[in-house]
Amino acid sequence: MVMKLKFFIPLLLGMLLSFNSAKAQDVAIKTNLLYDATATVNVGVEVGIAPKWTLDISGNLNAWNIDEDTKWRHWLAQPEARYWFCDKFSRHFVGIHALGGQYNFGGIDNNISFLGTDFSKLKDNRYQGWAVGAGIAYGYAFILGKHWNLELEVGVGYAYLDYDIFSCAGCGRRIGTDTHHYFGPTKAAVNLVYLF
């Protein structure tokens with residue numbers, strides 16, 4: 001999992017450093033407070049490319065187990081192009097995003113079944129694999145100060161999942177391989193944003 005991130009971290013740093021002479025409110029760094037609440041380390045960089053357009057890329061990593069019988073490990077990258085109805089980094093926006101990553105989930109007790117996906121299977125099995133997808137999003141940025149925003153965003157779309165199935169969260173015995181076509185929420189964010 002960590003080897004896959006080797007390409008992502010330099011990309012984020014390169015984007016940030018290449019815009020060191022950018023004008024005010026052309027570059028933003030952000031963290032998603034929803035991911036923070038699940039102990040998922042995350043960072044996003046957003047760059048203004050036109051008066052009403054920005055490019056955003058976020059990365060998320062949860063590299064630890066909740067306990068011996070519960071896995072919630074994953075990494076995810078989500079690039080997004082955004083169109084702002086007012087000025088960039090201000091008020092309403094729509095976006096189109098892609099997503100890609102790897103996951104290792106299991107031992108999660110729940111009774112959730114949503115839009116054709118039965119998440120309750122995570123209770124008795126572990127799923128390890130990769131996912132790619134795309135979606136559309138709507139968001140709103142509240143201006144808190146000269147350099148600070150609070151951004152809310154929701155997105156829906158499609159993801160293709162390819163995975164191995166294991167008999168329990170802590171076991172190493174593979175019992176199957178499968179794929180899944182997921183339709184539903186692909187993005188949820190409450191971002192704390194710092195603008196340069």
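Given the structure is predicted, the values throughout are model-derived calculations rather than measurements.

The rules we used
Residues numbered from 1 in each chain as written. Predicted model: local features only at pLDDT ≥ 70, side-chain atom pairs only at ≥ 80, totals over all residues. Heavy atoms only, no water. Helix = DSSP H or I, 4+ residues; strand = E, 2+ residues; numbered from the N terminus. Buried < 20%, exposed > 50% of the residue type's maximum accessible area, 1.4 Å probe, protein only. Contact = heavy atoms within 4.5 Å. pLDDT = per-residue confidence, 0-100. Pairing = 2+ DSSP bridges. Polar contact = N/O pair within 3.5 Å; in protein donor to acceptor, adjacent residues only side chain to side chain. 1 Å grid on protein atoms, 1.4 Å probe; cavity = no way out; pocket = protein on both sides within 12 Å on 5 of 7 lines; lining within 4 Å. Points joined across faces, edges and corners; volume = space filled by probe spheres on them. Nonpolar A, V, L, I, M, F, W, Y, C, P; charged D, E, K, R; others polar.

Engineer: Can you walk me through the overall build of the protein in this structure?
Structural biologist: Scanning the protein for helices and strands turns up three helices and ten strands. Counting helices and strands in the order they occur from the N terminus, the protein gives α-α-β-α-β-β-β-β-β-β-β-β-β. Relative to its 196 residues, the protein shows a buried fraction of 40%. In the protein, the proportion of contacts linking residues at least 24 apart, taken out of those at least 6 apart, comes to 61%.

Engineer: It is not clear to me how the confidence of the model for the protein should be interpreted in this structure. Could you clarify?
Structural biologist: Caution is warranted with low-pLDDT regions, since their predicted coordinates should not be read in detail. Considering every residue of the protein, the mean pLDDT works out to 87; 85% of them sit at 70 or more. Strand β1 (residues 27-32) holds the highest mean pLDDT among the elements of the protein, 98, whereas helix α1 (residues 2-5) holds the lowest, 51.

Engineer: How should the pairing of strand β3 (residues 53-62) be read in this particular structure?
Structural biologist: Within a regular beta strand, the side chains point alternately toward one face of the sheet and then the other, so they alternate between its two faces. With respect to burial, β3 is a largely interior element, seven of its ten residues being buried. In this antiparallel pair of consecutive strands, strand β2 (residues 41-50) and β3, the connection spans two residues. Of the pairings in the sheet, the one linking β3 to strand β4 (residues 71-84) comprises ten bridges and is antiparallel in character. Of the residues in β4, the one forming a bridge with N62 is H74.

Engineer: Can you help me understand the environment of Y138 in this one?
Structural biologist: By the element assignment, Y138 lies in strand β8 (residues 126-143). For Y138, a relative accessible area of 40% translates into the label partly exposed. Ignoring sequence-local partners within four residues, the contact set of Y138 consists of H92, F93, V94, L152, E153 and V154. At 2.4 Å, the side chain of Y138 and the side chain of H92 are in polar contact.

Engineer: How should I be thinking about the layout of surface pockets in this particular structure?
Structural biologist: A water-sized probe, rolled over the atoms, reveals where empty space remains. In this model, the largest pocket occupies a volume close to 1400 Å³. Along its surface, the largest pocket is lined by 38 residues, and W72, F105, F119, L161 and Y182 are the ones closest to its centre. When residues of the lining of the largest pocket are traced back to their parent elements, those giving at least two are α3 (33-37), β4, β5 (91-106), β7 (117-118), β8, β9 (148-166) and β10 (174-195). It is β10 that contributes the most residues to the lining of the largest pocket, seven residues altogether. In the lining of the largest pocket, the residues fall into 22 nonpolar, twelve polar and four charged.

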